[in-house]
Each structure stands twice: as structure tokens, then as C-alpha cells.
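Next come the chains, spelled out residue by residue.
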Amino acid sequence: MIGALSLGAVANGTPNHARSLAARSAVSETGLKVQMEKIPSAAKDDLTLDALNIDGESYLDEVADPSSRQLAATPSPGRVTGDGTIVSALSETLEVGALYVVSYDILADGGTRSLFFSNGSGSPFPNSAVAGFTLGRHKILVQAADTDTSAILRVNGDLTFGFFSCRKAEWQVDLPPGSTHPELAALREPGRIRGTGAIVSSLGAPLTVGTAYTLRYEIKANAGAEGLFTSPDAGSPFSFAQLPTDVGHHAITLVAQDSETDAIVRLTGDLTFGYFSCREAGGAAGRQIQMDVASGSARSRSIIYTPDPEVLYVAPWGDDFQGTGAFGSPFASPAAACAIARPGDTIYLRPGIYQPFDIPVSGAPERPITITTLPGEERLAIIEGDMMQHAVHGGEGVEPIEAMRDGIYIKGQDHLHIRNLTIRNVWRGGIFCVGIEEEQHGHHVFAGNAISMTGSSGIYVGGNSSNTVIPLSEDTRLRTVDVLIENNDVSKTNIVTDYNNNTTNPQGVPGGVAEAITVAASASDVVTRYNDVHDTRQYGIDYKAGVRGGAIYGNRVWNVERYGIYLDAGRRFVEDVEVYNNQIWACNIGIVLSREAGSNTVEYDTFVEQTGVEEFVQTLANINIYNNLIWDIEAAGIFCQRHPQKDGPNGEITNVRVNFNTVYNANRLTTGRDLNLSGWSDPDFQAAGIVNGVDFVGNIVWNDTADIRAIDGFSGQVGFLVESNLIGTDPRFVDPVSTPPNLSLRQDSPAIDLISATLARGPFEIDFSGALRQAPISAGAHAILSD
């Protein structure tokens, strides 16, 4: 069993870290490991595991070194000069494979060429680890490669250090087997069991006839097993069944046939067991794990819940024909495991490279089918396309199989979880999830994946596979519903492949014309949160062309060629969507709201031909945009756009709230607009009554040149409310020139009274406190709202 945990906390003045403190955990039958994933540079140097409760009982006393003691010394004196000079040495042997945080403060640089780990020169850390030598505090999470106790870092040049530290950044604790249900069995004797019909385990209480129970056990060694079995003739409450004897962990669900309390399992042969457990099966099984991790003032708490699945293994050294899916007999391809997967199954992909695949099966409520990796192997299972030649799928000139255009292809399935994989070099989408006409599917989770080098979207969730219009009425069921997209890293999307090399974007450049994360065309209740979207062509995150319900929050979006976050009703609608607590920087435009309705004759004729619908229904409604931080943008921070070619005076724009956002340096090209509120106030729109209830309230807009370029066509127009914004007045940020900028407000900021009075006047349909409990950022107006 594996549970993914992300612990997040707010750290003031660090807008570059979406999750200022983050950890991941892995739970097996016998152990729990917590490893730090992100530690902010501004955090204090100590890491402490303050609480660890499993099923309501504290296991903190079982953790070795919960305070993570100091393992290195600060140079004395602080100045270190020379070529290859040792900065600091370790005081004890490190654990190979364990994670450590190396942190230091550089006070002065007298001319430095490099600061480096050198595994060949006595460092326990690999050469590939990168050490920064700019002035200020640095923290690097790095894994020990060997047990040397000598030189952690070496310098070529002249640096003065304020402090130096090395601490372990993970904790391990041994756990008893089982779940939240009462334990009903144990090993008859510890470890090795030998004999003919030898009792492995006995029950401690009668079972309930007709109830399903899960037997879980670990086999550490098999010195020859002729049979491991349950048998009512030998005192077991279960029907006769041969159980797996492969080395590894096993989970077998059986139904009790009587209430015997004697020998649950017997062995003929020689096996060494790690544990044995019998507990009631079902949705209530699993472990509840609560952890507190503190780093200075940053504190986080979370609970993970690990269900009770069957397990299938896939490995590059496996066999699709002879393999069974057991740990010692894996399949060779994810496709083979998916072909036999059932609701509640977990498919573990071991490290290696796999071909793209489709998923032809569904999970069930409370029993999803999960495709993931073992703990410690996150993102080491790589779904690898062949980008240009598609040789894997038939060779150049062979018509491609639709499913094989994407890393993972899902069409019309339910309850699938895709976690912790790497997907790259695929023609079209990394994860491509679509629906089926006249049906409704979904309830998926796509989490923790690294996706890059895709010809179209990194992640696509939609009712169909393109922007082709679906004729939807108010009572039409949306095709793809209830999807969570979280904690993914998505980059380098929409590059040129032989799937899209005949397509050009609006700039005339070949390649994909989609987004890094796309939600589109008959999708509902999709939440996109805590993702990193960066270094990519086209757009960042886009909800478009027929989306109802959902949220976009806690994401970081940067180095995107065009728009960071885009709400685009297209020829249909985007309704009931919230966008909040995101960080967007180094994009062409930060947040864009548009309809791209398609009102010219050619597109209208195509629309009618495809759908039989004689008129457009173009709606952008019930949209909340708040608490976002946008900085260093080329052309515009926030843009309410009437598309110049694709938006006519029909449909509606209603209940759109753009409140309490911070926009800083959003006209780097000096030819754009820091703020663009235009288009929707067009006289044709006004005459047709298109707009109603559009608010722009409590926002901060500032440019360090003090030359704010803004278009405001909304003020004073019917249907618009523009008030209580701080535009063109220095908001007095704490440190706007740092990299990244600290846009928290100083105590003398004029924004404090303005926004506080605006909030007091209210009401606003925003739960600021609820948002900030999960919010990964604290900057701009958020410094006030968090009180």
C-alpha cells in the first residue's frame, strides 16, 4: 500500500514557493517513510517531526532522531578560498540512499567560479547536485550516494560563509501490519516456518460468515514451498485456496464460510514471513496517518488514507505471457496489467521505460484502479513515446492508432488514478482523457506526474477530443466529470511532432495550438491545483468551450509563451469556475477571460453543419478570480477580452468577479497594458444587454516604473462595478526588487486601509479563510486577508 502526502504551509515573503514546506510519504505493510520535497530558503534550519499518529496511536517514540540533528560544522573562520578547497566535513557516516538537506548562508563573494559536490573527491553526494553561490541563504535536498564522511562541498574561488549545515531530511518508522479494522490474526511463531501442514497463523476471534476478509503477509524468503493454503478440513474458516508464495507483500481477499477460530493458514514447505494479518476487507480498511512537520514557524498537518487494494506489478524485465503480476513475476507492460485489472487494484510500475498505453477498464466508487510506483521510485517509471517517427507503433508512413498518439489514453472510463509517473516525447497528449457521446464518465485523479515534450496538451480532460462543438442544452449531461489534477509538473508542451507539423499557431509557427493543461468540450467539476506549469509554448492552464464547475488554485505558472491562465468560453460556455491563490510570472499575459465565440460566416456555417444548432450560446458566467499573484508579465496582467475575430454581441457575460488580486510589473514590453478592461464594454454588447454583474474590486496594480498603462472601459458602464482598487499608487511592497519579489505589504502600505474597508463593507462571495488554509502563497493583499 502506498499513500502520497503533500504537506503545505504558508511562509511569509516567499512567493517563489507554491508549497513552502512539502513532504511525501510512502506506507508499506511494515514501514512508513517521510521525505521532504520542498524547503523554502527563508525557513529556519531545523526540521522536526513533531507528531506521528497511526490509527490514532502515537508512533513518534519509534522514530529515530525526529529532530534531525546537525551533521556538519560552519567553517571557522567563515572565509574559504582556493581551488577545490573543502567548505565543511561531515561528523558521521551517512546512510546511502537517504535524503539530506545541505544549507548555508553566503555573506561575501570575492570571486568564485564554482561551489560543488564531488563524489570523486570525498563527498557523499553525487556530482549532479547543483550548489548555488550567490549571496544569501541556500538549501539543497540531496540524496547520499556513498558513506564517505569527508568533504561535503568544495569551492573554486573565494566565499565567506555565515553558517553551514547538513541534516537528515527524512524519517523512517516500523509499523505493525493491518488497517483500521481490528487485527484478528498473527504469526503462530516469528520468522521462519517449516513443516507439512504447519500452522502459519491462527485467529484470535470468530469471523462472521459471509463477510470478506483480507489476508496480508510478507514472505521474506522461500526455501521451498509446496503449498500455502486455507482449508476448512484443516480448521480454516475459508474455502480451500492456494495462496501466493513469492517473496514480497501479498493481499488476498476471501469470504468466511464458517466461524472457526483455529488454523487460518497452513504451510507445506519452508517460508520465512515478515508479518501476517487478517482484517475485515472493504472501504473502511486502511491506515490513518497524521503528521506534523515544523521548520521554524512553518507547520503542516495532513491525513492520508490508504485503502486495501489488490496489487499488480509491472517491470521492464517482466513477461506479459508468463507473468502473473506478482512481485516476483511481473508483467512487462502496463497494457497487460490494465487488461486484467479490477476495481480496487493498484498497478505498480517499477523503474524503467514503457510504451504508451490506453486504459480499457474502470474502477468503482471507493475502489479506483490506481497506476503508480513503489515508494522511493516516484517518477522513475517512464512512459516514453517516439515523438517523430512513431516506429514503435508501425513505423513511418503507417497510419497511427488513435490511442497510441498519447502517453496514457482514457476514453469513457471511470475511477482511474494516475500517480507519480514520468510521461514524455509523445505525439499528442501526455494524459489524454475524453468521454463518449450520450454517456457520462470520470471521477479520475491525475497527481504527482512529470509530463514534458508533448505535441499537444500535457494533460487533456474533455468530453471529446477537439474543440468541435457539442450541441449542449441546459439538461444535457456533460460527458467527463469530477476530475482532480494536482501536484503535476508540466512543461515543454505543444512542440513540433509529426502529429501536428502541418498545424501552425497564430504566430505562424508549426506545433501544437493547445495548452499545458486543458479542460474542455463538455467537462464538469474539474479541479486543477498545486501544479507547476512552466517553460512551454502556447498557454498554461485553460478551461474552455463547454466547462461547468470546478476550480484552478494553488498553481505556479511561469515562462509560458502566451497566457498563464485562460478562461475561454469558445462557442459554448465556461460557468461556475473559481481561480484563486495562483502565482503567474514571466508569461505574455497573466490571466485572460474571453469567449472566442466564433461569429464570422465561415465558422458559423461550420457550426450549423456540425451541430444543427442555428445560433451560438456563448456564456461566461459565475466566475470568481481572486487572491492571485501576477508579476513580471510581458503585455498584460489581467485581460477581460472581446476576441477581435471571434466574439459577437450574443449570449451573456454575467457574475464575473475579479477581486483582490495583485499585479506587479505586467507591461515589461512597454507596448502592452498592465491592466486591460476592454471589449466587453463595446456599444454592441451594451445594446444587446450581454454584460451583467462584472466586478473589479480591491485589486492592486503597480509597475516599478510608476508608468501604469491601463485600459478601463468598464467604469461607469451599465453592468460593471469598478471600485476600491489601488492602481498606479505605490503599494509599498516589502521587497519588490528581490528575485523573486516579496510582494507582502509593509505596515505603511496604503492598500491596507483600502482593502480592509472594502472587505468590511462586503459582502463578497469568497471564503478567504477557507482558501488560505490550503493556499500555498502569502503576498500582496493576501497578507491582509490571512489575518
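Residues numbered from 1 in each chain as written. Predicted model: local features only at pLDDT ≥ 70, side-chain atom pairs only at ≥ 80, totals over all residues. Heavy atoms only, no water.

Looking at this structure, I do not really get the overall build of the protein chain. What am I missing?
A count of helical and extended segments in the protein chain gives 6 helices and 54 strands. Within the span of the protein chain, comprising 787 residues, buried residues form 59% of the whole. Residue pairs at least 24 apart in sequence account for 77% of intrachain contacts in the protein chain once pairs closer than 6 positions are excluded. For the protein chain, the accessible surface area stands at approximately 30100 Å², while carbon and sulfur atoms represent 48% of it. (Helix = DSSP H or I, 4+ residues; strand = E, 2+ residues; numbered from the N terminus. Buried < 20%, exposed > 50% of the residue type's maximum accessible area, 1.4 Å probe, protein only. Contact = heavy atoms within 4.5 Å. Areas by Shrake-Rupley, 256 points an atom, 1.4 Å probe, with all protein chains shown as cover.)

Would you mind going over the pairing of strand β26 (residues 416-419) with me for this structure?
As a general feature of sheets, a regular strand has side chains that alternate between the two faces. Both strand β23 (residues 369-372) and β26 contribute to a ladder of 3 bridges, which runs parallel. Bridge pairing in β26 links threonine 370 to histidine 417. Bridge count between β26 and strand β29 (residues 441-447): 3 bridges; the pairing is parallel. Note on β29: the bridge partner recorded for histidine 417 is valine 445. (Pairing = 2+ DSSP bridges.)

Would you mind showing me how to read the environment of alanine 586 here?
Structurally, alanine 586 is set in strand β41 (residues 583-594). Alanine 586 gets classed as partly exposed once you look at its relative accessible area, which sits at 29%. Separated by 80 residues in sequence, alanine 586 and alanine 666 place their C-alpha atoms 9.1 Å apart. In this structure, alanine 586 is in contact with Trp558, Asn559, Val560, Trp631, Asp632 and Ile633, ignoring residues within four places of it in sequence.

Quick question: what am I supposed to make of the packing of aromatic side chains here?
Summed over the entire model, instances satisfying the criterion amount to 23 aromatic pairs. Between phenylalanine 432 and tyrosine 460, the ring centres sit 4.7 Å apart and the planes meet at 15°, which makes this aromatic pair stacked. Of this pair, phenylalanine 432 sits in strand β28 (residues 431-434) while tyrosine 460 sits in strand β31 (residues 459-462), and the two are 28 residues apart along the sequence. In terms of burial, phenylalanine 432 and tyrosine 460 fall into one category: buried. (Phe/Tyr/Trp six-rings, centres within 6.5 Å; stacked < 30°, edge-to-face > 60°.)

It is not clear to me how helix α4 (residues 750-761) should be interpreted in this structure. Could you clarify?
One turn of the α-helix equals 3.6 residues, which is why residues spaced by three or four share an orientation. Across its 12 residues, α4 extends 17 Å between first and last C-alpha, which sits within 8% of the 16 Å expected from 1.5 Å per residue. Every buried residue of α4 is accounted for by Ala751, Ile755 and Thr758. Angularly, the buried residues of α4 cover 60° about the axis, an arc narrow enough to put them on a single face. Of the exposed residues in α4, the ones pointing more than 90 degrees away from its buried face are Asp753 and Ala760. (Expected span 1.5 Å × (residues − 1). Arc of directions from axis to C-beta.)

Could you clarify how one ought to interpret the pattern of salt bridges in this entry?
Pairing is possible between side chains of opposite charge, provided their charged atoms come close. Under the criterion given, the structure shown has 18 salt bridges. Between glutamate 92 and arginine 69 there is a salt bridge, with its nearest N and O atoms 2.9 Å apart. One end of the pair, glutamate 92, is in the loop between β5 (79-89) and β6 (99-109); the other, arginine 69, is in the loop between β4 (57-58) and β5, with 23 residues separating them in the sequence. Several salt bridges converge on common partners, so that one network encompasses Arg732, Arg746 and Asp748. (Salt bridge = Lys/Arg side-chain N within 4 Å of Asp/Glu carboxyl O.)

Can you help me understand the environment of threonine 518 in this one?
The topology assignment puts threonine 518 in strand β34 (residues 515-520). Under the relative-accessibility criterion, threonine 518 is labelled buried at 0%. Measuring from C-alpha to C-alpha, the distance between threonine 518 and tyrosine 543 comes to 6.3 Å, with 25 residues separating the pair along the chain. Ignoring sequence-local partners within four residues, the contact set of threonine 518 consists of Ser457, Ile459, Tyr460, Val461, Asp542 and Lys544. Here serine 457 takes part through its side chain, which lies 2.7 Å from a polar atom of the side chain of threonine 518. (Polar contact = N/O pair within 3.5 Å; in protein donor to acceptor, adjacent residues only side chain to side chain.)

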